[in-house]
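# A structural walkthrough
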Amino acid sequence: MSGGKHTAPGTQVVTGAQAVIKSLEALGVDVVFGYPGGAIMPAYDPLLDAELTHVLVRHEQGAIHMAEGYAHATGEVGVCIVTSGPAATNLVTGLADAHMDSIPVLAITGQVARSAIGSDAFQEADVTGITMPITKHNELVQSPERIAAAIKEAYHVARSGRPGPVLVDIPKDVLNATLVWEWPERVDLPGYRPTVRGHGKMIREALQLIAQAQRPVIYAGGGLVRAGADEELHAFATRLGLPVVTTLMARGVFPDTHELAVGMPGMHGHYAGVKALQQTDLLVTLGARFDDRVTGSLEHFAPHAKVIHVDVDPAEIGKNRAVDVPIVGDVKVVLGQLLKVLDDKADDASFAPDAADWRRHLAEMKRDHPLRFEQPETGVLKPQTAIRAVHETWGDEAVYVSGVGQHQMWSAQHIPYTRGRQWINSGGLGTMGFAVPAAIGAKVGVGRDTPVVAIDGDGCFQMTFQELATAVQHDIPVVFCVVNNGYLGMVRQWQHLFYDDRLSQVALPQDCPDLMKLADAYGIPGFRVQTVDELDATLAKAHEITDQPVLVEFRVDPDEMVFPMVPSGASNDEVLESADEWRARLAASGQ
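Predicted model only: the values in this text are computed from it and were never measured.

### A closer look at the pairing of strand E19 (residues 479-484)
Successive residues of a regular strand alternate their side chains across the two faces of the sheet. Counted residue by residue, E19 has six buried out of six residues, so it is predominantly covered. With burial as the criterion, each face of E19 is covered, one bearing Val479, Cys481 and Val483 and the other bearing Phe480, Val482 and Asn484.

### Quick look at the sheet that holds strand E8 (residues 165-171)
The strands that make up a sheet pair up through hydrogen bonds in the backbone, lying either parallel or antiparallel. The six strands lie next to each other as E4-E3-E5-E6-E8-E7, forming an open sheet whose pairing is parallel. Edge positions in the open sheet fall to strand E4 (53-56) and strand E7 (137-140), since each of these has one partner strand only. On average, each strand axis in the sheet is tilted by 20 degrees relative to the strand beside it, whichever way the strands run. Taken strand by strand, helix H3 (residues 60-74) contacts strand E3 (31-35), E4, strand E5 (78-82) and strand E6 (105-111), and its axis lies near 165 degrees from that of E5. The strands touched by helix H7 (residues 147-159) within the sheet are E6, E7 and E8, with E8 carrying the most contacts at an inclination of about 165 degrees.

### Details of the UniProt feature "domain: Thiamine pyrophosphate enzyme central" (unreviewed entry) in the protein
Following the UniProt record, the feature "domain: Thiamine pyrophosphate enzyme central" (unreviewed entry) maps to residues 203-338 here. Regarding residues 203-338, the helix share stands at 35% and the strand share at 19%, and the terminal C-alpha atoms are separated by 6 Å.

### Some details on the sheet that holds strand E20 (residues 526-529)
Strand order in this open sheet of six strands is E17-E16-E18-E19-E21-E20, and the pairing throughout is parallel. The sheet terminates laterally at strand E17 (423-424) and E20, the two strands that pair on one side only. Relative to E19, strand E18 (residues 452-457) runs parallel, the two being bridged by five bridges. Along E19, the bridge assignment pairs Ala454 with Phe480.

### What about the UniProt feature "domain: Thiamine pyrophosphate enzyme N-terminal TPP-binding" (unreviewed entry) in the protein?
Summarizing the sequence annotation, UniProt attributes the feature "domain: Thiamine pyrophosphate enzyme N-terminal TPP-binding" (unreviewed entry) to residues 15-128 in the numbering used throughout. A distance of 23 Å separates the end C-alpha atoms of residues 15-128, which is 43% helix and 19% strand.

### Looking at helix H18 (residues 435-446)
End to end, H18 covers 16 Å across twelve residues, agreeing with the expected 16 Å (1.5 Å per residue, within 8%). With nine of twelve residues buried, H18 lies mostly within the body of the structure. Once H18 ends, the next one or two residues include Gly447, with phi positive near 90 degrees.

### Considerations on the packing of helix H9 (residues 200-212) against helix H14 (residues 331-344)
Look at H9 against H14: their axes get within 10 Å of each other, and the N-to-C directions meet at 65 degrees. In terms of orientation, H9 and H14 fall into the roughly perpendicular class. As for the relative orientation of H9 and H14, their crossing is right-handed in sense. Two secondary-structure elements touch here, H9 through Ile203, Ala206 and Leu207 and H14 through Val334, Gln337, Leu338, Val341 and Leu342. Split by residue class, the contact of H9 with H14 holds seven nonpolar, one polar and no charged.

### Some thoughts on the packing of helix H16 (residues 383-394) against helix H17 (residues 406-414)
Packed helix pairs are specified by the crossing angle of their axes together with the interaxial distance, meaning the distance between the axes. The N-to-C vectors of H16 and H17 enclose an angle of 55 degrees; their axes lie 10 Å apart at closest approach. In terms of their interaxial angle, H16 and H17 are classed as oblique. The way H16 lies across H17 gives a crossing that is right-handed. Here Pro383, Gln384, Ile387 and Arg388 of H16 lie close against H17, whose contacting residues are His407, Trp410, Ser411 and His414. For the contact of H16 with H17, the residue count by class is three nonpolar, four polar and one charged.

Cut-offs and rules
For every chain, the first residue of the written sequence is number 1, and numbering continues from 1 onward in sequence order. The model is predicted, so local features are restricted to residues of pLDDT at least 70 and side-chain atom pairs to those at 80 or more, both for listing and for counting; the totals for chains, interfaces and linings are taken over all residues. Working from all heavy atoms in the structure, the side-chain values ignore hydrogens and water. Under the scheme applied here, a residue whose accessible area is under 20% of the maximum for its type counts as buried, over 50% as exposed, and between as partly exposed, the area being computed with a 1.4 Å probe on protein chains only. Labels follow the DSSP assignment, with helices taken as runs of H or I lasting at least four residues and strands as runs of E lasting at least two, numbered in each case from the N terminus. Between any two strands, at least two bridges found by DSSP are needed for them to pair. The axes are straight lines fitted to the C-alpha atoms, using for helices just the contacting stretch, and the angles between their N-to-C directions are given from 0 to 180°. Contact between two residues is taken to exist if any of their heavy atoms lie within 4.5 Å; hydrogens are not considered. UniProt positions are given in the numbering used here, feature names are shortened, and annotations may be inferred rather than shown by experiment. For a helix, the expected span equals 1.5 Å multiplied by the residue count minus one. For classification, angles of less than 35 degrees are called roughly parallel, those exceeding 145 degrees roughly antiparallel, those between 65 and 115 degrees roughly perpendicular, and all remaining angles oblique. Should the near helix be turned anticlockwise from the far one by less than a right angle, the crossing is termed left-handed; should it be turned clockwise, right-handed. Residue type decides the class: Asp, Glu, Lys and Arg count as charged, Ala, Val, Leu, Ile, Met, Phe, Trp, Tyr, Cys and Pro as nonpolar, and the leftover types, Gly among them, as polar.

Below you can see the structure in the form of structure tokens.
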């Protein structure tokens, strides 16, 4: 790095700003997403000489979501850098999102000079205080000598144990000060020692419990994706013949195309996936947290099941559901331990549960309760048809990124996912506006040879579509698909079902804005599909464009609703497969 002064052989004097960039380079970071401003400006000067790619966003929320998308897609730490005050507070939603979904991101923020902290200086905010509840770790750096260690430690915390967001806040005078450059050889964090290996006694007890089960199910959560445990999960499930349900955050970690795959559980899960968890006598819970959207009414969830729970975060075990066999550890490592015991006992068939009848029962449920919707041969386009056609066009090699709402649930339901990190969405926080910037970050991460398709709703899209300019400026060829029903669809669905169809503040006129004119304004190809007979030919044209961003709008039936559905707070036993079923239930109850 240029600009450093050598005072002695092997000694280099640098500014705090240069130390920030040198630290990122030392960690192997190849891209940062950011937006400059006053307090962080010193760090933007050495960026000009750095071996880093900087992606200039249009809003700081875009920076954190791009860092998330990058981390989702690659498993590496996503990095963003912004200035103080409003820029830093604009990261809050993304930090909370990453915290809920265990996404490793590093946010570097500028801060006012140390002498001005606490004086309500221009663009001052207590960023570490604001973000403490929604970061895994944060630090206000108090001296230039501390910069390298602070960044290295934060990076380590972000990616180890249960991954999550971290933040390093650096005052402007610290960035401008000088120091003798020294990169710490190791990270020393007393008290931070995530448990990786499961306890051997618990490993044996888990296998004994599985062997005794008649209706076992693997409840596969997003922790499997974070751990990169696809192969271990597949080996374990197939070795013992265990059916697998994959949560919204785990879609693809076990292939939907496999005969043991039961589907997605939860409020809008596949019918068989929901029922499997209700009827099981053993939940083999791997990297999942018994989220309320999966369990429905917690007291009625999986009423006959014993529970094995594997999680790297000990705080999750027993938090929502009592556990019979708790195993604290990295789920990839723990699955390896389980498989090792099975290998050592290869001649002992007693470990495999007698679950053939159970597997047949689940296969029959999948056959008898498929996802249902009616697509007329001509005329109005159903959103499910559009999403299925997107998958048929871009295929299994693509990465799919969604926003939040009806289109998210249809995308999770109707696309068969076959690998971890193929599906990216905002699960725990449910952040509208996530898809556009997250898809850009994902595309930067996976490279030009892997298609990245954002499937967004018209409400979500309008929250962050300014980041199309980022995709254009930096030549990031994402396919942006907008499912436009002219409404805040999920809110409308609930108002229809639970508020006597009293629609309040949910209309979003389909032509405001005109998305084809918007595409033209950004200088990218735009395609609109309004009927079924336009679908295949239009998508074929969009598919041919691989060297620039593309916008595809689907004008779809506004009355279509997402089913299956478990009403909020209800037992999963009350899963509905259609609106007619809901109306019949209301009529039977006299409502």
